[in-house]
Amino acid sequence: MALLLRTLSRQGVCLSKPHYHVLYRQAAPMGTTAKEEMNKFWAKNSSLNRPMSPHITIYKWSIPMMMSITHRGTGIGLSGAISAFAMAALILPGNYTHYLDLIHSLSVGPFLIGLAKFGIAFPVSYHTYNGIRHLYWDIGKGFKIPEVYRTGYTVIGLSVITSIALTLM
Amino acid sequence: MNGCDVEPTQLLIFYHHSSYCSAAALQRDLAAVCGWITHVLPCSAAGSDSKAASLHWTAERVLSIALLALGPVAYFSPGPFIDYSLAAALTLHGHWGLGQVLTDYVHGDTKVKLASAGLFVLSTVTFAGLCYFNYNDVGICNAIALLYSK
């Protein structure tokens, strides 16, 4: 009876199609989209002025969590850098070689140059290698926890090695 | 390739099994797929919305793989074609990636609309700037090479 009521009270249930029979638990697709459901959640909770439950402030940080947010952070950073470069190309006078020579003439010193090179090389390397790890997940492989950690450490190791190589080249 | 009835997943399998000797053909098809995805999809009922989302997901992965392939191609045969392909692939990958970030952190219809509009402007300006750089300056491949020639 409860099943009947629950099934009928769901939005968008269509009883005329045979596979939408009331006794099929959750067999029919929802009448609302995931996007609509999410919007409803946020609208309701923000209008009630509810505070957000603590999550990142209380949950123990793990390597996979840190690698995930680093992937996002490097992605945002790299995107920002590319956009900044593109806007500089449009706005600044003079060409690329002019600005390269300008930086050369500043005699910044090898350590700072190396730091800058590493600062570009590491995000590129990490995001690329972790990106491959993401694609590996996307074909459905490597989800067991030991595999997650193994591939994770591999990504970190390869990123460091590649970044150092690119910095010293 | 005017594959209006070809699923991107089928294309992916096609790429996997065929030997694509030229990055040019790959890029052309990729552009066709992207164009098809963004312009030909219907948008109304919940069913086709989820179909659109699923195709978008697949397109994101196809683009990521294409971008990975562009790396060695750019290293071994730099030139204007790779420069413009990189400009397009990098900008689109960044646009879609930032789009996911927006979806995760921005809530509420007006805020989402504003943020999406801002992102669109940013991506457009980025692509324009990169193309300008490719056309009027040394180009992306040479720019990276010059960093290492000092």
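Residues numbered from 1 in each chain as written. Chains lettered and ligands numbered in written order. Predicted model: local features only at pLDDT ≥ 70, side-chain atom pairs only at ≥ 80, totals over all residues. Heavy atoms only, no water.

Could you clarify how one ought to interpret the overall build of chain A in this entry?
Of the regular secondary structure elements, chain A holds six helices and zero strands. Mapped in sequence order, the helices and strands of chain A form the string α-α-α-α-α-α. Counting over 169 residues, chain A shows a buried share of 21%. For chain A, restricting intrachain contacts to residue pairs at least 6 apart in sequence, the fraction spanning at least 24 positions comes to 58%. Surface summary for chain A: the accessible area is close to 11800 Å², and the carbon and sulfur share equals 71%. (Helix = DSSP H or I, 4+ residues; strand = E, 2+ residues; numbered from the N terminus. Buried < 20%, exposed > 50% of the residue type's maximum accessible area, 1.4 Å probe, protein only. Contact = heavy atoms within 4.5 Å. Areas by Shrake-Rupley, 256 points an atom, 1.4 Å probe, with all protein chains shown as cover.)

Looking at this model, I keep getting lost on the pattern of salt bridges. Mind explaining?
Side chains carrying opposite charge are able to pair once their charged atoms draw close together. Residue and element names in this part refer to chain A. This structure, assessed with the given rule, holds four salt bridges over all chains. We note a salt bridge from Glu37 to Lys40, for which the minimum N-O separation is 3.7 Å. Pair noted here: Glu37 and Lys40 are both in helix α2 (residues 34-47), with a separation of three residues, about one helical turn. Among the residues examined, Glu37 registers a relative accessible area of 32% and is labelled partly exposed. What makes Lys40 partly exposed here is its relative accessible area of 43%. (Salt bridge = Lys/Arg side-chain N within 4 Å of Asp/Glu carboxyl O.)

Could you clarify how one ought to interpret the packing of helix α3 (residues 63-91) of chain A against helix α6 (residues 145-168) of chain A in this entry?
Angle between the axes and distance between the axes are the two parameters that describe a pair of packed helices. Residue and element names in this part refer to chain A. The interhelical angle for the contact between α3 and α6, taken along N-to-C directions, is 50°, at an axis separation of 10 Å. Between α3 and α6, the angle falls in the class oblique. As α3 runs across α6, the sense of the crossing is left-handed. For the pair α3 and α6, contact is made by Ile63, Pro64 and Met67 and by Val148, Tyr149, Gly152, Tyr153, Val155 and Ile156, respectively. Here the contact of α3 with α6 is composed, by residue class, of eight nonpolar, one polar and no charged. (Axes fitted to C-alpha atoms, helices over the stretch in contact; angles between N-to-C directions. Parallel < 35°, antiparallel > 145°, perpendicular 65-115°, else oblique. Left-handed = near helix turned anticlockwise from the far one by under 90°. Nonpolar A, V, L, I, M, F, W, Y, C, P; charged D, E, K, R; others polar.)

Can you help me understand helix α5 (residues 109-136) of chain B in this one?
Since the α-helix packs 3.6 residues into each turn, any two residues three or four apart lie on the same face. A rise of 1.5 Å per residue sets the reference length of α5 of chain B, with its 28 residues, at 40 Å; its end C-alpha atoms lie 40 Å apart and thus fit the reference within 8%. Among all positions of α5 of chain B, only Leu119, Ser123, Thr126, Gly129, Leu130, Cys131, Phe133 and Asn134 of chain B are buried. (Expected span 1.5 Å × (residues − 1).)

Any chance you could explain the UniProt feature "binding site: heme b" (unreviewed entry) in chain B here in plain terms?
Residues annotated by UniProt as "binding site: heme b" (unreviewed entry) correspond here to His93 of chain B. You can see His93 of chain B is positioned in helix α4 (residues 80-105). Apart from residues lying up to four places away in sequence, His93 of chain B is in contact with His127 of chain A together with Leu63, Ser64 and Leu67 of chain B. (UniProt positions renumbered as here; feature names shortened; annotations may be inferred.)

Sorry if this is basic, but what is going on with the nonpolar core here?
The nonpolar side chains of a soluble globular protein tend to be buried with one another. Residues and elements named next belong to chain B. Among the nonpolar cores identified, the biggest contains 14 residues, and Leu70, Ile82 and Leu86 are the most heavily contacted of them. Elements that contribute at least two residues to this core include exactly α3 (46-76), α4 and α6 (140-147). Every residue in contact with Ile82, bar those within four places of it in the chain, is listed here: Leu70, Val73, Ala74, Ser77 and Cys141. (Core = buried A, V, L, I, M, F, W, Y, C linked by side-chain atoms within 4.5 Å.)

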